[in-house]
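# A structural walkthrough
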Amino acid sequence: MVAISLLAAPRLEAREKPVHFAYGLEWGFTANLYYHYHVNYVAEGTGSRVDARESKVVMRSNGNVTAFAGIGIGRKWEIGALCGYHGIFDNRRVIPLTLRATFFPKGESHMATKYFIEGGIAFASTYDPRPPMLAKLGVGKRIELSPRVKLDFNAALQLCHDRPDAVFDEINHVNVSSGQIRTSDAVYGGINLSLSLNFR
């Protein structure tokens, strides 16, 4: 009996610890389904002002890989920061820095349902005083592989507000120089599916 109690102690301690440190890696895939853009620029050669905007349904796919670290509070909450490499649209890659809050309605268990909300900024290849914004709202399943290793399956609605630095002039069929761009806004919406390994 004493031996059984000693063997069970580490498992109980890992589960009952009120605050614990957590870290891990996440791999994901985003299917972008919605695209809205608004551009305003001075056309090359003619000097005329061009203002164009459009909303449309698209089918684009991008991948992401992120590392995260945070704390678990009791058995129902986890708060962490994420950073990595994220594709958000065609030829558009960013380094996101986001915060995620995760809630387990029935607490963590061998197979627990979770809900999460995430948001933050992203850094592109060129400096922008108003960086892209990234947000996710999702649900997932956490499977306990061992007391200290968890496997998560996540599905989320993803929304990104971007300011692309590359604008194509549809009239003259050339790229618009950065000095001629007055407005460049884009919104991408889609579904993100991801898999993550969590350690504590």
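Summarised in this report is the structure supplied together with it. Because the structure is a prediction, the values reported are computed rather than measured. Counting starts from 1 at the beginning of each chain's written sequence and moves along it residue by residue. Reporting of local features is limited, given that this is a predicted model, to residues whose pLDDT is at least 70; pairs of side-chain atoms are given and counted only at 80 or more, and all residues count toward the totals for whole chains, interfaces and linings. The side-chain values count all of the structure's non-hydrogen atoms but skip hydrogen atoms and water molecules.

## Here's the deal with the pairing of strand β7 (residues 149–162)
Where strand β6 (residues 133–146) and β7 come together, 13 bridges link them in antiparallel fashion. Bridging across to β7, R142 finds its partner in D152. By the convention used here, strands pair only if DSSP detects at least 2 bridges between them. Each helix is a run of H or I in the DSSP string that is no shorter than four residues. Each strand is a run of E no shorter than two, and both are numbered from the N terminus. Hairpin connection from β6 to β7: 2 residues lie between these consecutive antiparallel strands.

## Focus: empty space enclosed by the protein
Put plainly, a pocket is an open set of points on a 1 Å grid over the protein atoms alone with protein on both sides within 12 Å along at least five of seven lines, a cavity is a set where a 1.4 Å probe fits but cannot get out, and a lining residue has an atom within 4 Å of a point. Grid points are joined across faces, edges and corners, and a volume is the space filled by probe spheres set on the points. All told, the structure shown has 2 cavities of 30 Å³ or more when counted by the stated rule. In this structure, the largest cavity spans a volume of roughly 130 Å³. Along its surface, the largest cavity is lined by 17 residues, and F68, E78, G80, R100 and T102 are the ones closest to its centre. Looking at which element gives the most residues to the lining of the largest cavity, the answer is strand β3 (residues 77–89), with 5 residues. When residues are sorted by character, Ala, Val, Leu, Ile, Met, Phe, Trp, Tyr, Cys and Pro go into the nonpolar class, Asp, Glu, Lys and Arg into the charged class, and all the rest, Gly among them, into the polar class. Among the residues forming the lining of the largest cavity, the class breakdown is 6 nonpolar, 5 polar and 6 charged. Taken as a whole, the second largest cavity encloses approximately 40 Å³ of empty space.

## Considering the packing of aromatic side chains
Side-chain rings of Phe, Tyr and Trp (the six-membered ring for Trp) are treated as a pair once their centres are within 6.5 Å; stacked means planes under 30 degrees apart, edge-to-face means over 60, and tilted covers the remaining angles. Under the criterion given, the structure shown has 7 aromatic pairs. Judged by centre distance (4.7 Å) and plane angle (25°), the ring pair of Y35 and F89 falls under stacked. Note that Y35 is positioned in strand β1 (residues 19–42) and F89 in strand β3, a separation of 54 residues in sequence. Take Y35: its relative accessible area is 15%, and that puts it in the buried class. Between the aromatic rings of W77 and F103, the centroid separation amounts to 4.8 Å while the plane-to-plane angle is 40°, which identifies the pairing as tilted. Of this pair, W77 sits in strand β3 while F103 sits in strand β4 (residues 92–103), and the two are 26 residues apart along the sequence. Note on W77: relative accessible area 41%, which makes it partly exposed. Exposure remark for F103: the relative accessible area of 29% places this residue in the partly exposed category. In this structure an aromatic cluster arises from ring pairing among Y35, Y37, F89 and Y188. Buried means the residue's accessible area, taken with a 1.4 Å probe over protein chains only, is under 20% of the maximum for its type, while exposed means over 50%, and partly exposed covers the values in between.

## What to know about a nonpolar patch on the surface
Patch definition: residues with relative accessible area over 30% and no salt bridge; like charges joined within 9 Å; nonpolar side chains (Val, Leu, Ile, Met, Phe, Trp, Tyr) joined within 5 Å. To be clear on the numbers: accessible area is Shrake-Rupley with a 1.4 Å probe, and residue cover counts the displayed protein chains and nothing else. By definition, a salt bridge exists where a carboxyl oxygen of Asp or Glu is found within 4 Å of a side-chain nitrogen of Lys or Arg. On the surface, V19, F21, Y23, I71, I73, W77 and I79 cluster together into a nonpolar patch covering about 660 Å² of accessible area. Of all elements in the fold, only β1, β2 (49–73) and β3 reach the threshold of two or more residues within the nonpolar patch. Counting residues per element, the nonpolar patch draws most heavily on β1, at 3 residues.

## Re the pairing of strand β5 (residues 111–123)
Of the pairings in the sheet, the one linking β4 to β5 comprises 9 bridges and is antiparallel in character. The partner of F103 across the bridge, within β5, is Y115. The pairing of β5 with β6 spans 11 bridges and is antiparallel. Each residue of the ladder has a partner; that of A112, found in β6, is R142.

## Some thoughts on the side chain of S194
Within the element layout of this structure, S194 appears in strand β10 (residues 181–199). By relative accessible area, which is 8% here, S194 ends up buried. Throughout this description, a polar contact denotes any pair of N or O atoms lying within 3.5 Å of each other; where both atoms belong to protein, one of them has to be capable of donating a hydrogen while the other can accept it, and for residues adjacent in sequence the pair is counted only when both atoms sit in side chains. Side chain to side chain, S194 and E26 meet in a polar contact 3.4 Å long.

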